[in-house]
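# Survey of secondary and tertiary structure
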Amino acid sequence: MAAGEVHSGRYRRVPPEGGWGLLVGVGMAMMFVVTLGSLPSFGLMFGDFLTDLGEETSAIALITSCFFSALSFAGLFTNTLMKKTSCRTVGLIGAVSYIIGSMMTIFVRSTNELLISFAVFQGAGFGLMIPVSYTTFNAYFVEKRVVMMSVAQTLIGLGTMFYPIFIQRSMDAFGFRGCMAVLAAINSHTLLAMLVMHPVQWHMRRVPLEYDPVPTSAPVAVAASDEKPPKTEDDFQELPAGQGLSQRNAKLRGSRRASSIPGLGNWSGPVVVSDSTERDTKPATKWQILVDFLDLTLLKDPIYVNIVLGISFALYSDLAFFTLQPMYLFMLALSKTDVSLIIAIGAGADLISRIFLAISSTCLNIKARYVYLAGALFTIVARFAFLCVFDFYGMAIVTAIMGFLRTWIHVPLPLVFSEHLPQERFPSGYGLFMFLQGNITFAIGPIVGYIRDVTGSYNVSFHVLTLVMALCVIPWFFEICYIRLKRKARTPELGHVTIPMIQETKA
């Protein structure tokens, strides 16, 4: 029985796989369009404003670093907030924070004010809305999750493709502050997106049971519709975590499914670390409270740590690169119209890549982590080509290639974690990742801006960002090779142990 199903007499309640879930998918796409669309267009929006203040690259690096730091702290507290209030309420809090920050940008006069409005308020709001959107979407769709996630990703790509062109035309028509007012009105749609994140229990479907839930060893009785049938192994997923290790293990066995890009959004993965609920009943110390709050036991898993570090470096490298790209293009004497068109071409290639990924996922069974690794590797190659072209058409072609590969870094991101973690540990595992990723970004973010200001060269900054991307590729490659070699080495040993056992049984 799939996760989320609940027995109720002769019926069981299952996710709607449509209905209100369609609005949830549209709301998730709407939220990501208005939030992600502004990040690669940051240079278009605030480039002239920061130049007039005498601050350019260093300010952009600092603000974007603080943005992701605020995002990470908000994501860290999301799991705790969801335990105290509803998922939808947390999303509404994030939407209000994001809207307040958008309105504050209309009146900014200094870098510090932009830091507070864009980085703190908008970053924290975005950090609250991300887990809410993923959690609600996955609750509504199980069997149709692949199709619906593909549709949502296509809508996101379509919206972000036109975002830079829209920003440039708004800047030309209304000026800087008028454009900020228009964007604030658009960003207010995040409130509507979070309003449609209804709890899935409001829209569950009732379907007849296809088997008798009563154990065969017990007397067979027909349960009335308002009675609860005896618990089976599948029902352990509805039990509280404190019911015992054996019930938890049964729950984990029932919740695992093969996960790959075709299983977009599926939850699976081996349990390689112990949960905080499995410790004894001794009074919790302050350190244990901190461990439980952050779910730090996940850090005992070296593969999880390698995943977190690799994705953190890759995300920072990608976002910082595309944030600095408009300023670099302006330095090459390209017009604002040409720059906005190049950014739009990259977003269009991103959309095509999302469609390609969705179609190919129906016939290819590839792990999300391998897709992510390939995207990071080919991005490194494309960046070297980027620094070898200087005209509009060359830039458009290379940006399109990088935009196509960018999808392979962003779309499989949550799936990399869902492949490795069980379903019930995904919120805490993803929240811990957001916390660590934000702090890593905050720590290394200003370094690139400092290098640009000291050397006066964008090329050096781009090479540093490419090196940061390599910090994802190299450790992942060595880990995958090590695990494969270890498995091959263990195969003959397992075969040697198994054969005598079979012979002894026959004897």
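Remember, predicted model here, so these are calculated numbers, not experimental data.

On a plain count of helices and strands, the protein comes out with 16 helices and 3 strands. Across the 507 residues in the protein, those meeting the buried criterion constitute 52%. Taking all contacts inside the protein whose residues are at least 6 apart in sequence as the whole, residues at least 24 apart take part in 83%. For the protein, the accessible surface area stands at approximately 23,200 Å², while carbon and sulfur atoms represent 67% of it.

To continue, consider the nonpolar core. Proteins that are soluble and globular tend to have nonpolar side chains buried together. The biggest cluster of nonpolar side chains holds 121 residues, and the ones touching the most others in it are I311, Y372, F417 and F433. Of all the elements, helix α10 (residues 302-331) adds the most residues to this core, at 16 residues. Split by domain, this core shows at least three residues from each of two domains, domain 1 (11-208) and domain 2 (292-488). What F417 contacts, discounting residues up to four positions off in sequence, is Y304, I307, V308, I311, F426, Y430 and F433.

With that out of the way, let us pick up unusual backbone geometry. With a phi angle near 70°, A333 is a residue other than glycine that sits in the positive phi range. Accessibility expressed as a relative area gives 68% for A333, which makes it exposed.

Let's shift gears to the pattern of salt bridges. Taken as a whole and assessed by the stated rule, the structure comprises 5 salt bridges. Between K336 and D48 there is a salt bridge, with its nearest N and O atoms 2.3 Å apart. Residue K336 is found in helix α11 (residues 336-360), and its partner D48 is found in helix α2 (residues 42-52); the two are separated by 288 residues along the sequence. Take D48: its relative accessible area is 36%, and that puts it in the partly exposed class.

With that settled, the discussion passes to helix α3 (residues 57-84). Helix length check: α3, at 28 residues, gives a terminal C-alpha distance of 41 Å against a target of 40 Å (1.5 Å per residue), a fit within 8%. Residue T78 marks the point of greatest curvature in α3, where the axis turns by about 35°. Counting buried positions along α3 yields 20 of 28 residues, so the element is predominantly enclosed.

Direction vectors running N to C along α10 and helix α15 (residues 426-455) enclose 45°, while the axes themselves pass 9 Å from each other. One way to sum up the angle between α10 and α15 is to call them oblique. Classified by chirality, the crossing of α15 by α10 is right-handed. Within the contact between the two elements, α10 uses Y304, V308, L309, I311, S312, F313, L315, Y316 and L324 and α15 uses G429, L432, F433, L436, Q437, I440, T441, I444, G445 and V448. In terms of residue class, the contact of α10 with α15 is made up of 14 nonpolar, 5 polar and no charged.

Before going further, it helps to spend a moment on helix α12 (residues 368-386). The end-to-end C-alpha distance of α12 is 26 Å, a good match for the 27 Å that 19 residues give at a rise of 1.5 Å each. Listing the buried residues of α12 in full gives A368, R369, V371, Y372, L373, G375, A376, T379, I380, A382, R383 and F386.

Let's shift gears to the side chain of T407. Structurally, T407 can be placed in helix α13 (residues 392-410). Excluding residues that lie within four positions of it along the chain, T407 makes contacts with D350, S353, R354, L357 and P412.

In this section: the side chain of S117. Relative to the helices and strands, S117 resides in helix α5 (residues 111-140). A polar side-chain atom of S117 sits 3.3 Å from the main-chain carbonyl oxygen of L114. Other than its neighbours up to four places away in sequence, S117 contacts G101, M104, T105, V108 and Q122.

To continue, consider a positive patch on the surface. The grouping of K367, R484, R487 and K488 at the surface amounts to a positive patch. Relative to the assigned elements, K488 resides in helix α16 (residues 458-506).

We now examine the packing of aromatic side chains. On inspection of all chains with the given rule, the structure shows 26 aromatic pairs. Aromatic pair F32 and Y134: ring centres 5.7 Å apart, planes at 40°, arrangement tilted. Of this pair, F32 sits in helix α1 (residues 20-36) while Y134 is found in helix α5, placing the two residues 102 residues apart along the sequence. Overall, the relative accessible area of 7% leaves F32 in the buried class. Overall, Y134 belongs to the buried group, its relative accessible area being 11%. In textbook terms, an aromatic cluster arises when at least three aromatic residues are bridged by ring pairs, as seen for F32, F42, F46, F49, F67, F68, F118, F126, Y134 and F176. When the ring centre of F322 is taken as origin, the NZ or CZ atom of R406, which lies over that ring, is 4.3 Å away.

So, about the environment of G94. Here G94 lies in helix α4 (residues 87-104). Owing to a relative accessible area of 0%, G94 belongs among the buried residues under this scheme. Spatially, the C-alpha atoms of G94 and V132 are 9.4 Å apart, while their sequence positions differ by 38 residues. Setting aside residues up to four positions removed in sequence, G94 forms contacts with G125, L128 and M129.

Parameters and conventions
- Residues numbered from 1 in each chain as written.
- Predicted model: local features only at pLDDT ≥ 70, side-chain atom pairs only at ≥ 80, totals over all residues.
- Heavy atoms only, no water.
- Helix = DSSP H or I, 4+ residues; strand = E, 2+ residues; numbered from the N terminus.
- Buried < 20%, exposed > 50% of the residue type's maximum accessible area, 1.4 Å probe, protein only.
- Contact = heavy atoms within 4.5 Å.
- Areas by Shrake-Rupley, 256 points an atom, 1.4 Å probe, with all protein chains shown as cover.
- Core = buried A, V, L, I, M, F, W, Y, C linked by side-chain atoms within 4.5 Å.
- Domains from an automatic or database assignment.
- Salt bridge = Lys/Arg side-chain N within 4 Å of Asp/Glu carboxyl O.
- Expected span 1.5 Å × (residues − 1).
- Bend = angle between axes of the 7 residues up to and from the residue.
- Axes fitted to C-alpha atoms, helices over the stretch in contact; angles between N-to-C directions.
- Parallel < 35°, antiparallel > 145°, perpendicular 65-115°, else oblique.
- Left-handed = near helix turned anticlockwise from the far one by under 90°.
- Nonpolar A, V, L, I, M, F, W, Y, C, P; charged D, E, K, R; others polar.
- Polar contact = N/O pair within 3.5 Å; in protein donor to acceptor, adjacent residues only side chain to side chain.
- Patch = residues over 30% accessible without salt bridge, like charges linked within 9 Å, V, L, I, M, F, W, Y side chains within 5 Å.
- Lys, Arg positive; Asp, Glu negative; His and termini not counted.
- Charge placed at Lys NZ, Arg CZ, Asp CG, Glu CD.
- Phe/Tyr/Trp six-rings, centres within 6.5 Å; stacked < 30°, edge-to-face > 60°.
- Lys NZ or Arg CZ within 6 Å of the ring centre and 35° of its normal.

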